[in-house]
Amino acid sequence: MTPAASETRIVRVDPQRPDRESIRAAADVIIARGLVAIPTETVYGLAADALNASAVARIFVAKGRPPTNPVIVHVSDEAAATELVSRWPMEASRLADRFWPGPLTLVLPRSPRVPDVVTAGLPTVALRVPAHRVAAELIAAAERPLAAPSANPSTRLSPTAVEHVLSGLAGRIDLVLDGGPTAGGIESTVLDLSSERPRILRPGPIARSALEDLIGPIEPVAARVAGDAPMPSPGMMSRHYAPRARLVCVEQDADKRVAELVRRGLRVGWLSFAEPVDSGPGVIAIQMPRAAVAYAARLYATLHELDAQSVEWIVAELPPDSEEWHAIRDRLRRASTDE
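Engineer: How should I be thinking about the packing of helix 10 (residues 292-308) against helix 11 (residues 326-335) in this particular structure?
Structural biologist: The axes of two packed helices give the description: the angle between them and the distance between them. Between helix 10 and helix 11, whose axes approach to 9 Å, the crossing angle comes to 25°. Regarding the angle of helix 10 to helix 11, the classification is roughly parallel. Seen along the crossing, helix 10 lies across helix 11 with a hand that is left-handed. Here helix 10 contributes Ala292, Tyr295, Ala296, Leu299 and Tyr300 to the contact with helix 11, which in turn contributes Ile328, Arg331 and Leu332. Of the residues contributing to the contact of helix 10 with helix 11, the split by class is 7 nonpolar, no polar and 1 charged.

Engineer: Looking at this structure, I do not really get helix 11. What am I missing?
Structural biologist: Because an α-helix completes one turn every 3.6 residues, residues spaced three or four positions apart along the sequence face the same direction. Taking burial as the measure, the 10 residues of helix 11 include 8 buried ones, the bulk of the element. Within helix 11 the residues assigned to the buried category are Ala327, Ile328, Arg329, Asp330, Arg331, Leu332, Arg334 and Ala335. Residues of helix 11 that are buried make contact with strand 10 (199-202), strand 11 (246-250), helix 10 and strand 14 (313-317).

Engineer: How do you make sense of the sheet that holds strand 3 (residues 44-49) when you look at a structure like this?
Structural biologist: Backbone hydrogen bonds hold the strands of a sheet together, and the pairing may be parallel or antiparallel. The strand order across the open sheet built from 10 strands is 1-8-2-3-7-4-6-5-9-10, with neighbouring strands paired in mixed fashion. The open sheet has two free edges, formed respectively by strand 1 (9-12) and strand 10, since each of these has just one partner strand. In this sheet, strand 7 (residues 146-147) lies alongside strand 4 (residues 72-74) in antiparallel orientation, the contact comprising 2 bridges. Its bridge partner being in strand 7, His74 is matched across the sheet by Leu146. Along the sheet, helix 1 (residues 20-31) contacts strand 1, strand 2 (36-39), strand 3, strand 7 and strand 8 (175-178); its crossing angle with strand 8, the most-contacted strand, is approximately 150°. Contacts from helix 7 (residues 162-169) reach strand 1, strand 2, strand 3 and strand 8, with the element oriented near 165° to strand 8.

Engineer: It is not clear to me how helix 7 should be interpreted in this structure. Could you clarify?
Structural biologist: Listed as buried for helix 7 are Val162, His164, Val165 and Leu169. Along helix 7, the residues classed as buried sweep out an arc of 160° about the axis, all on the same side. Exposed and oriented more than 90 degrees from the buried face of helix 7 are Glu163 and Ser167. Tucked inside the fold, the buried residues of helix 7 contact strand 2, strand 3, helix 2 (53-63), strand 8 and helix 10. Looking one or two residues past helix 7, Gly171 carries a phi angle of roughly 85°, positive in sign.

Engineer: What am I meant to see in the environment of Thr119 here?
Structural biologist: Of note, Thr119 is situated in helix 5 (residues 116-119). Relative accessible area serves as the criterion here: at 2%, Thr119 is assigned to the buried category. Setting aside residues up to four positions removed in sequence, Thr119 forms contacts with Pro70, Arg110, Val114, Thr124 and Val125.

Engineer: When you look at the pairing of strand 6 (residues 124-128) in this model, what are you seeing that I'm missing?
Structural biologist: Consecutive side chains of a regular strand alternate in pointing toward one face of the sheet and then the other. Of all 5 residues in strand 6, 5 are buried, a share of seventy percent or more. Neither face of strand 6 is open: one carries Thr124, Ala126 and Arg128, the other Val125 and Leu127, and all of them are buried. The pairing of strand 4 with strand 6 spans 3 bridges and is parallel. Looking across to strand 6, one finds that Ile72 is bridged to Ala126. Where strand 5 (residues 104-109) and strand 6 come together, 4 bridges link them in antiparallel fashion. Bridging across to strand 6, Leu108 finds its partner in Val125.

Scoring rules and cut-offs
Residues numbered from 1 in each chain as written. Predicted model: local features only at pLDDT ≥ 70, side-chain atom pairs only at ≥ 80, totals over all residues. Heavy atoms only, no water. Axes fitted to C-alpha atoms, helices over the stretch in contact; angles between N-to-C directions. Helix = DSSP H or I, 4+ residues; strand = E, 2+ residues; numbered from the N terminus. Parallel < 35°, antiparallel > 145°, perpendicular 65-115°, else oblique. Left-handed = near helix turned anticlockwise from the far one by under 90°. Contact = heavy atoms within 4.5 Å. Nonpolar A, V, L, I, M, F, W, Y, C, P; charged D, E, K, R; others polar. Buried < 20%, exposed > 50% of the residue type's maximum accessible area, 1.4 Å probe, protein only. Pairing = 2+ DSSP bridges. Arc of directions from axis to C-beta.

Rendered as structure tokens:
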């Protein structure tokens, strides 16, 4: 296997009933230390053999990912997760029983089996069991855990469809399993169980209150990480999930900000909760869902769409500052840029 793929093969699979031949082909690539983009219930991931350091290193090269940013390891079940940690607390069992398979990542003390490149040299490893049938069957066929961060260039928009994967990684990876659009739209909740008190490192589809119902008090979201310091979890960079266009978040008076940018001769995308109005030339107004789950499912796809239409700025109306919208506000804030 060469350090970088010269051509990326696309294999279409039924997301509910993937055929054995396609899964076997992808598993063979994984075993040969290659890279395979796979659908999960959140976003598309870029998978490699998590226990092979040289295979995981190829992920970092393909994505342009800094070595200080660890990757999540996807496993088949709780038993497989316990083989990669040095300690599996009671809280982890409770959470796994309730939320796995699903969009919850647990950070725990790692075992010596996990290569340093996976964890950015930190003493912890991030683990989850994906709920998507294609991802689950690939793990089973390859008979090994998969390191699988999002299948996009580092800091850019996560992919929720195959065209998003190819726009950033075509020619850099070996194979894509095309299972159609992903359902969840944003990345998993990351919960750190390695410290004295649990803390959320990245908000996601599973709310803090739902986790606290099972294990008690949890520290709120940890601060973003800037500079070259190792990150305790993926998704903690101060700027992340960003479109090519410059994005600005507004709490109110979005129409005034849009008008201001248009007056400067800029092409503007506008994410609004209201029904789009005729904003004149140079504006692409998109009405976003008022339900958090539906908004999350559409967010990245909409931003990809605006990038494809070559807007220069995107004005995003922030949703309410409530728990159900916490993860979406986090993604918009991290994608934003200062003028």
